[in-house]
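Per-entry structural report
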Amino acid sequence: MRAVVFDEFGAPPSVRDVPEPVCPPDGVLLRVAATGLCRSDWHGWLGHDADIRLPHVPGHEFAGVVAEVARDVRRWRVGDRVTAPFVCACGRCPTCRRGEEQVCERQQQPGFTHWGSFAELVVIDVADLNVVRLPDDMDFDTAAGLGCRFATAYRAVVHHARLAPGEWLAVHGCGGVGLSAVMIAVAGGARVVAVDPTPAARARAEELGAEAVLEPDGCVRAIRELTGGGAAASIDAIGGPDTLANSVGGLARRGRHVQVGLLGAAATIPARPIGQAIARELTLIGSHGMAARDYPAMLERVTSGDLDPGRLVRRVIGLDEAAVELAALGTAPIDGVTIIHPN
């Protein structure tokens, strides 16, 4: 099969023929119809994830059709239209038994713990637990963004930020996760201020319902003035010491900061946000994807028209372009989701 492969961290990826993956006894092989190009893939390409072994095929958010079903799988058949969260849980560890599969102790992650979806086929482990059926009227391009960015934003906003109608949410970083968070929060009745250095991303946040958009420089004071003392909740959707500090600094007393963006291996967390968390009794929350069991509530809101993740898709490219654009993700401006068609 054809796939995007890198042989060294940070070296230019290439597209070439590689062996097809082997279906595990409890899994399925998915024929990838669409897969997203995500900043987390860029982190992996740079070597920020200790699970990656070279050579490697990236890609962790995808949708397609079941191509092979292992003997131990009961719920799925060849031809089913499906997706999966980027965390594939084991279903057996103590954390999974508590219903927290998104932080499974023995999780598998396509594109990180094994080869991913920048390819014609990808493995989904423990399929009866992790595979999610797509609504009949949902196209693959829309579905591809659910497994990481949209579902991650959904859980960050709905489960962690816990905004009441009329409360302010500050979203720092308006890439795929941040723009998803804007859409989800606005649909729930929250007021949103979005922060991003690029005009195109700020414009997209306004299109999705943000009441105000700001550049990062000076945003803490501006957020506190705009919201009358600080946002009830904030999300760092990019990752980095500066965005974390801005996100925490713009919160009201007893506000909630949700960290979604990866900070990178070399990032140093500044002391000031921790001091502010103590003085204002802030809550600092990490958010790591969303388990398959929580998808039905999100999909119901999508099929009802309350949420429209398809609005976030900006470009569709092929594997050859993906190999080039993966390396550019660290500096390229982002104002939505780029989808890859492997075939």
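Just so we're clear, the structure is a prediction, and the values are computed from it rather than from any experiment. (Residues numbered from 1 in each chain as written. Predicted model: local features only at pLDDT ≥ 70, side-chain atom pairs only at ≥ 80, totals over all residues. Heavy atoms only, no water.)

Our focus in this paragraph is helix 5 (residues 146-161). Spanning 16 residues, helix 5 covers only 19 Å between terminal C-alpha atoms, well under the ideal 22 Å at 1.5 Å per step. Of all 16 residues in helix 5, 14 are buried; the element is thus mostly enclosed. (Helix = DSSP H or I, 4+ residues; strand = E, 2+ residues; numbered from the N terminus. Expected span 1.5 Å × (residues − 1). Buried < 20%, exposed > 50% of the residue type's maximum accessible area, 1.4 Å probe, protein only.)

Our next topic: the environment of Val 65. Its location among the elements puts Val 65 in strand 4 (residues 62-69). For Val 65, a relative accessible area of 28% corresponds to the partly exposed category. Not counting chain neighbours up to four residues away, the residues in contact with Val 65 comprise Leu 29, Leu 30, Arg 31, Gly 79, Asp 80 and Phe 140. (Contact = heavy atoms within 4.5 Å.)

Where helix 5 contacts helix 11 (residues 295-303), the two axes come as close as 11 Å, and the packing angle between them is 100°. Here helix 5 is positioned roughly perpendicular relative to helix 11, judged by the angle of their axes. Residues Leu 146, Gly 147, Phe 150, Ala 151, Tyr 154 and Val 158 of helix 5 form the contact with helix 11, whose participating residues are Tyr 295, Ala 297, Met 298, Leu 299 and Arg 301. The residue inventory of the contact of helix 5 with helix 11, partitioned by class, reads nine nonpolar, one polar and one charged. (Axes fitted to C-alpha atoms, helices over the stretch in contact; angles between N-to-C directions. Parallel < 35°, antiparallel > 145°, perpendicular 65-115°, else oblique. Nonpolar A, V, L, I, M, F, W, Y, C, P; charged D, E, K, R; others polar.)

On to the side chain of Gln 259. Turning to its location among the elements, Gln 259 is positioned in strand 12 (residues 251-259). With residues near it in sequence (within four places) discarded, Gln 259 still touches Asp 236, Gly 239, Leu 244, Ile 285, Gly 286 and Ser 287.

A general tendency of soluble globular proteins is for nonpolar side chains to be buried together. Formed by 50 residues in total, the largest nonpolar core has its most connected members in Leu 163, Leu 169 and Ile 235. In terms of residue count, helix 5 provides more of this core than any other element does, eight residues in total. Setting aside residues no more than four positions away along its own chain, Ile 235 makes contact with Ala 156, Val 157, Leu 169, Ala 170, Val 171, His 172, Ala 181, Ser 247, Val 258 and Val 260. Grouped together as the second largest cluster of nonpolar side chains are 20 residues, Trp 45, Val 57, Ile 317 and Leu 319 included. (Core = buried A, V, L, I, M, F, W, Y, C linked by side-chain atoms within 4.5 Å.)

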